Amino acid sequence: MELSLIIGISVLGLLFALYLIRDVMRRETGTERMQEISNAIKQGAEAFLRRQNRTIVLLAIALALLIYLLYAFARTPNVHDPASAADLALWTTLSFLFGAACSVAAGYMGMWVAIRSNIRTAAAARNNMNDALQTALRGGAVSGFFVVALSLLGVAGLFTIVKAIGVTDDITKIPLLIVGYGFGASFVALFAQLGGGIFTKAADVGADLVGKVEAGIPEDDPRNPAVIADLVGDNVGDCAGRGADLFESTAAENIGAMILAAGLYRANTQYFIDNELSLLGVILFPLVARAFGIIASIVGILTVRTAENKDPMKALNRGYFVTAILAIVGFFIASQWLLGENYFNFFLAGVIGVLTSVAFVYITQYYTEYHYRPVKSIAEASQTGPATNIISGIAVGMESTGYPIIVIGVALVSSYFLGNSSGMVDGGLFGTAVATMGMLGTAAYILAMDTFGPITDNAGGIVEMSQQPEEIRKRTDRLDSVGNTTKALTKGYAVGSAALAAFLLFGAYMDEVKNYMPSFQPVINLNKPEVFVGAMLGSVLVYLFSSLAIKAVGKAAYAIINNVREQFRNNPGIMKGTSKPDYGQCVDIATKAALQKMVLPGVLVVGMTVGVGIIFKWLYYAGGQSPHGASGAEVIGGFLMSGTITGILMALFLNNSGGAWDNAKKYIETGMYGGKRSDPHKAAVVGDTVGDPFKDTAGPSLHVLIKLLATLTLVLAPLFI
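With respect to the overall build of the protein chain
Phase 1 of the analysis: Broken down by element type, the protein chain carries 23 helices and 0 strands.
Phase 2 of the analysis: For 721 residues, the compact-globule estimate of 2.2 N^0.38 gives 27 Å, and the C-alpha radius of gyration of the protein chain, at 25 Å, lies within 12% of that figure.
Phase 3 of the analysis: Counting only residues that meet the buried cut, the protein chain has 65% of its 721 residues in that class.
Phase 4 of the analysis: Here the protein chain displays about 23400 Å² of accessible surface, and carbon together with sulfur accounts for 62% of that area.
Phase 5 of the analysis: Each charge sign in the protein chain was given a centre, from 51 positive and 52 negative side chains, and these centres are 5 Å apart.

Notes on the side chain of T364
Phase 1 of the analysis: Among the secondary structure elements, T364 is positioned in helix α11 (residues 343–368).
Phase 2 of the analysis: Discounting residues that sit within four places of it in the chain, T364 has contacts with A488, L489, G492 and N656.

Some thoughts on helix α9 (residues 279–302)
Phase 1 of the analysis: Compared with an ideal rise of 1.5 Å per residue, which puts 24 residues at 34 Å, α9 spans 36 Å between its outermost C-alpha atoms and is within 8% of the ideal.
Phase 2 of the analysis: In terms of burial, α9 is largely enclosed, as 21 of its 24 residues are buried.

Focus: the environment of F532
Phase 1 of the analysis: As for its placement among the helices and strands, F532 is situated in helix α18 (residues 529–570).
Phase 2 of the analysis: On the basis of relative accessible area, F532 is assigned to the partly exposed category, the value being 44%.

Concerning the pattern of salt bridges
Phase 1 of the analysis: Taken as a whole and judged by the stated rule, the model has 23 salt bridges.
Phase 2 of the analysis: A salt bridge links D696 to K201, with the shortest nitrogen-to-oxygen separation between them at 2.9 Å. Taken together, the residues D696 in helix α23 (residues 679–716) and K201 in helix α6 (residues 180–215) connect sequence positions 495 residues apart.
Phase 3 of the analysis: With relative accessibility at 2%, the residue D696 sits in the buried group.
Phase 4 of the analysis: Looking at K201, the relative accessible area reads 3%, which means it is buried.
Phase 5 of the analysis: One connected set of salt bridges, linked through shared partners, spans K201, D204, D662, K665, K666, D688, D692, K695 and D696.

Concerning the packing of helix α13 (residues 386–399) against helix α22 (residues 632–669)
Relative placement of two packed helices is described by the angle separating their axes and the distance separating the axes.
Phase 1 of the analysis: Viewed as axis vectors pointing N to C, α13 and α22 meet at an angle of 135°, and their least axial separation amounts to 8 Å. Taken together, the axis directions place α13 and α22 in an arrangement best described as oblique. Once α13 is placed against α22, the crossing between them reads as right-handed. For the pair α13 and α22, contact is made by N389, I390, G393, I394, V396, G397 and M398 and by F653, S657, A660 and W661, respectively.
Phase 2 of the analysis: The residue makeup of the contact of α13 with α22, split by class, is 7 nonpolar, 4 polar and no charged.

Side note on the packing of α18 against helix α21 (residues 599–620)
Phase 1 of the analysis: Two numbers describe how α18 lies on α21: the axes approach to 10 Å, and their chain directions differ by 170°. Comparing their axes, α21 and α18 come out roughly antiparallel. Here E530, V533, L537, V540, L541, L544, F545 and L548 of α18 come into contact with α21, specifically with L600, P601, L604, V605, M608, V612 and F616.
Phase 2 of the analysis: A breakdown of the residues in the contact of α18 with α21 according to their chemical character gives 14 nonpolar, no polar and 1 charged.

Here's the deal with unusual backbone geometry
Phase 1 of the analysis: Phi at D426 takes a positive value of approximately 65°, unusual for a residue other than glycine.
Phase 2 of the analysis: Within the element layout of this structure, D426 appears in the loop between α14 (402–420) and α15 (427–439).

Focus on a nonpolar patch on the surface
Phase 1 of the analysis: Residues L12, I295, V299, I325, L326, V329 and I333 make up a contiguous nonpolar surface patch of about 530 Å² in total accessible area.
Phase 2 of the analysis: For the nonpolar patch, the secondary-structure elements that each account for two or more residues are α9 and α10 (312–338).
Phase 3 of the analysis: The dominant element in the nonpolar patch, judged by the number of residues it contributes, is α10, at 4 residues.
Phase 4 of the analysis: Its location among the elements puts V299 in helix α9.
Phase 5 of the analysis: For V299, a relative accessible area of 33% gives the class partly exposed.

Remarks on a positive patch on the surface
Phase 1 of the analysis: Taken together, the side chains of R305, K310, K314 and R318 define a basic patch exposed on the protein surface.
Phase 2 of the analysis: When you line up the elements, R318 lands in helix α10.
Phase 3 of the analysis: For R318, a relative accessible area of 43% corresponds to the partly exposed category.

Examining the packing of aromatic side chains
Given two aromatic rings, their pairing is described by the distance between the two centres and the angle made by the two planes.
Phase 1 of the analysis: Evaluation of the coordinates by the stated rule reveals 26 aromatic pairs.
Phase 2 of the analysis: Ring centres 6.1 Å apart and planes at 50° place the aromatic pair F285 and F430 in the tilted group. Of this pair, F285 sits in helix α9 while F430 sits in helix α15, placing them 145 residues apart in sequence.
Phase 3 of the analysis: Residue F285 is classed as buried on the basis of its relative accessible area of 0%.
Phase 4 of the analysis: Ring plane angle 80° and centroid distance 4.9 Å describe the contact between Y366 and Y367, whose orientation is recorded as edge-to-face.
Phase 5 of the analysis: Y367 sits in the buried class, given a relative accessible area of 1%.
Phase 6 of the analysis: Taken together through their ring pairs, the aromatic side chains of F96, F183, F187 and F191 make up a single cluster.

A word on the confidence of the model for the protein chain
Phase 1 of the analysis: Of all residues in the protein chain, 99% attain a pLDDT of 70 or more, and the chain-wide mean is 87.
Phase 2 of the analysis: Across the protein chain, α13 holds the top mean pLDDT of 96, while helix α7 (residues 227–267) sits lowest at 79.

Some words on the side chain of N224
Phase 1 of the analysis: Mapped onto the fold, N224 is located in the loop between α6 and α7.
Phase 2 of the analysis: With a relative accessible area of 4%, N224 lands in the buried category.
Phase 3 of the analysis: A distance of 3.0 Å separates a polar side-chain atom of N224 from the backbone oxygen of A207.

Observations concerning the environment of P469
Phase 1 of the analysis: Residue placement: P469 occurs in the loop between α16 (443–465) and α17 (470–516).
Phase 2 of the analysis: Judged by its relative accessible area of 46%, P469 falls in the partly exposed class.
Phase 3 of the analysis: As for P469 and T713, which are separated by 244 residues in sequence, their C-alpha atoms are 55 Å apart.

Description of α11
Phase 1 of the analysis: When the terminal C-alpha atoms of α11 are compared, their 38 Å separation across 26 residues agrees well with the 38 Å that a helix rising 1.5 Å per residue should span.
Phase 2 of the analysis: α11 sits mainly inside the fold: 20 of its 26 residues count as buried.

Rules of the game
- Residues numbered from 1 in each chain as written.
- Predicted model: local features only at pLDDT ≥ 70, side-chain atom pairs only at ≥ 80, totals over all residues.
- Heavy atoms only, no water.
- Helix = DSSP H or I, 4+ residues; strand = E, 2+ residues; numbered from the N terminus.
- Rg over C-alpha atoms; globule rule 2.2 N^0.38 Å.
- Buried < 20%, exposed > 50% of the residue type's maximum accessible area, 1.4 Å probe, protein only.
- Areas by Shrake-Rupley, 256 points an atom, 1.4 Å probe, with all protein chains shown as cover.
- Lys, Arg positive; Asp, Glu negative; His and termini not counted.
- Charge placed at Lys NZ, Arg CZ, Asp CG, Glu CD.
- Contact = heavy atoms within 4.5 Å.
- Expected span 1.5 Å × (residues − 1).
- Salt bridge = Lys/Arg side-chain N within 4 Å of Asp/Glu carboxyl O.
- Axes fitted to C-alpha atoms, helices over the stretch in contact; angles between N-to-C directions.
- Parallel < 35°, antiparallel > 145°, perpendicular 65-115°, else oblique.
- Left-handed = near helix turned anticlockwise from the far one by under 90°.
- Nonpolar A, V, L, I, M, F, W, Y, C, P; charged D, E, K, R; others polar.
- Patch = residues over 30% accessible without salt bridge, like charges linked within 9 Å, V, L, I, M, F, W, Y side chains within 5 Å.
- Phe/Tyr/Trp six-rings, centres within 6.5 Å; stacked < 30°, edge-to-face > 60°.
- pLDDT = per-residue confidence, 0-100.
- Polar contact = N/O pair within 3.5 Å; in protein donor to acceptor, adjacent residues only side chain to side chain.

Structure follows, in structure tokens:
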């Protein structure tokens, strides 16, 4: 019954995505000039993604082979293993490959529709605001529903296959066999987000610094050789990259919650028997609750509409609140149905998760929208030059970590308390898992809002480059401004969900180690020097990773800036408007740089985690029959804990400072402090270019890093014992 419901609603989500594709694709595509620009964006985005996916597939196959060899030959089998050594190696590897394939598919589908929605949004803007808003949101929603539905379908499908084949008699062990699914999704997401982020920000920085600051031409001016690369980057970074990011979020957290649900049943078997509740229902509770979130998001998307003189952001917020309320109703049904007489505490934990997502949306809005103090303070500081703009932006980014951490702390403690007071053994940890599921209940709608951003950005570029009338540009400018806000909000949401999920996945890691090694005490003792060193290594990984990501953007932007300057110098007709720039050169430079520079940070994450776990395992057993110090599993626990906390703080700082710099520039462009082309505007453009790799490369990649560390340690935990 539960599996059928999950699979049925997941299929419904995919069918709704197909309906949205049909709805968007039947809309008009504008003038011939608009189509020419759109086709250039489409060709560049598809060419980059093909090359990127080839690289990712090769890396994924190599890692899958390594996982199989480590499990099948390097690891000593354990009597507590969930299946035979051969089956454990096979299903861990297969689930890894399946998760990687689904992540690639989810990211590609989101981008496929986005690069076809941009021109339709631009064409709709010639009619009215409502048509343009709905076209962009529905185009973005395709990504949201493909990501969430494919994630649920993949986990439920793997669970069904393993159960049907009879790999293990104990279904509580099945999540341990398919844990590779989340790792595969995380692995692909890291490279998709990194590669797309490097591409988009290298092009954006190059276009802004030479076009706006040096040449003094407007944003998206067709004379700028980097403008097509910039518009391509919006799709490969913010659509494909973010789609893969949220796919791995949902996949990893679904499996982590299932591991904890299995532990909850084992610890409270008599309670569930007395309430006539099945083991299968308890394990699948997280998936059922998430499935109801798909229905909530469908209704939310269909309620969005606006009028010409209304704020489009209010329409999007209204749809989000409808989705959140219906997600809460779905949680109530799932909790009452599958968790017995003590369901209400867990329902409240789910409500806390939904409210946490709302709080993150508002906090991010406060720190990144130009209606509020933080962004206004950066714009004001721009009057005295780029240096004070950057100082103010860094200060705002650091300040912005405070409220989110308080919200995360309240959510974790209160959901843990609710679970604990349910009367169930280990209910506290499961309460935090339910809160995470609550926060992810609106994921499909949130991702629709996120992809809405690059679609409207591209639509504005198409309108500008095709020289449409001013009134149409004003509509797309309003939507672009809203899209900037929604992109910032969804980044805040992604960090919040990563923070809640980090505790959930950390708990799942401890449960898994306990399963393989019953003598393991689920305590990470920082008083042991090995664990303390492991924790420091986890923290420094975040800094090294961020450095590599930001440095990659800087080097690629350097090459694009030189190319744009060279084109302006060698072809004076570009600035006069009598000849066209070579857009393809900048696209090619950004593509090569992204593919070259994305590999090292990803290899660093995997290599450092494996190295720390295996080295400290060897040190633990170096004394022969009398192991001493901390085991490899405990050191990796400290590594994971510290890396996660540092990653959350760094991601908040990078995302919010970058978003604040961006909107400080847009605030000045509304006419404040001299408006466009003024000295404060030039200072704000410099600040924005500093913030670009923060908010669109390193920051979003850290969301993935946080969860990749957790899924990586879940998959490799047996190797560290």
